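Notes for the structure review
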Amino acid sequence: MTAVFSHGRLRLYLLKLLDDGPKHGYELIRLLEDRFLGLYAPSAGTIYPRLQRLEVEGLVSHTAAGGRKVYEITDAGRAELRQRADELATLESDITASVEDLSALAGEIRTEVRGSVRDLKRELREAARQTRQARWAPPPPPTTRPPRNGAPGPAAESPLLAEFDKRLAAFTVEVGALVRAGRLTDTQLRTAVRLLDGALDGLRRLLR
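Attention in this report is confined to the structure presented alongside it. (Residues numbered from 1 in each chain as written. Predicted model: local features only at pLDDT ≥ 70, side-chain atom pairs only at ≥ 80, totals over all residues. Heavy atoms only, no water.)

One pass over the structure, following the stated rule, counts 4 aromatic pairs. Seen in terms of ring centroids, F5 and Y13 are 5.8 Å apart; in terms of plane orientation they differ by 45°. Their pairing is tilted. The two residues F5 and Y13 agree in class, both being buried. With a relative accessible area of 1%, F5 lands in the buried category. One aromatic cluster in this structure is built from F5, Y13, F36 and Y40. (Phe/Tyr/Trp six-rings, centres within 6.5 Å; stacked < 30°, edge-to-face > 60°. Buried < 20%, exposed > 50% of the residue type's maximum accessible area, 1.4 Å probe, protein only.)

Here it is as structure tokens:
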């Protein structure tokens, strides 16, 4: 739950939303998500227990419609809203400020992710270029000394290099397609960037 709703303030905001008309729990979740421009959405586990407590306190009631509970504010709930009008006005102001902060943070994260993806694509292209150069480089002069630790010689490495080049190119294309398609949330993108950075660091250590 976002910090702006600490100390029981979500309870007050639910009363405010129900004062606009009867709603079921899913509608309340969507309204809150819209209020926060999609940057925050409470879970059902956050909303429904509070609605139940409000009902126990006599501030809301519910009726069953289409297999769902539709909640409606009571006269006692409206009386509480009137008594806490100043607190509600402050809450609305705090929500507006919170949305502005979240929007700025989301913008910074998107900029950072785009920069990280560009850097990754550039490094992948460079790795692919170096791999192609290695494939077509002239073989080293023959030696009578056997490879250390039973490692395969140049002739045995060519198929593996070709497979690596193929996998690397496919990986680059798929990563770019996923990012352009916009199917990842900001959280997923941050996780993906960390995974890619970790894989790249591992390859760097391996190839040193």
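Another point: the pairing of strand β2 (residues 60-65). Pairing analysis gives 6 bridges linking β2 to strand β3 (residues 68-73), with the strands arranged antiparallel. Paired with T63 across the two strands is V70, which belongs to β3. Where β2 hands over to β3, the hairpin turn is made up of 2 residues, of which G66 adopts a positive phi near 60°. (Pairing = 2+ DSSP bridges. Helix = DSSP H or I, 4+ residues; strand = E, 2+ residues; numbered from the N terminus.)

Among the residues of helix α4 (residues 75-83), those classed as buried are G77, E80 and L81. Mapping the buried residues of α4 onto a view down its axis gives an arc of 100°, with all of them on the same face. With respect to the buried face of α4, the exposed residues turned more than 90 degrees away are D75, R82 and Q83. (Arc of directions from axis to C-beta.)

The next point concerns the sheet that holds strand β1 (residues 23-24). The 3 strands lie next to each other as β1-β3-β2, forming an open sheet whose pairing is antiparallel. Among the strands making up the open sheet, the edge pair consists of β1 and β2. Against the sheet, helix α1 (residues 9-19) touches β1, β2 and β3, its axis set at about 90° to β3. (Contact = heavy atoms within 4.5 Å. Axes fitted to C-alpha atoms, helices over the stretch in contact; angles between N-to-C directions.)

This part covers the pattern of salt bridges. Pairs may arise between side chains of opposite charge once their charged atoms sit close together. Tallying each qualifying case throughout the model produces 10 salt bridges. Note that R30 is salt-bridged to E33, the shortest N-O span being 2.7 Å. One end of the pair, R30, and the other, E33, are both in helix α2 (residues 25-35), 3 residues apart, so they sit about a helical turn from each other. When the shortest N-O distance is used, the salt bridge between E92 and R35 registers 3.3 Å. Within this pair, whereas E92 is found in helix α5 (residues 85-136), its partner R35 is found in helix α2, the two being separated by 57 residues in sequence. (Salt bridge = Lys/Arg side-chain N within 4 Å of Asp/Glu carboxyl O.)

As far as function goes, none of this settles anything; it's purely spatial.
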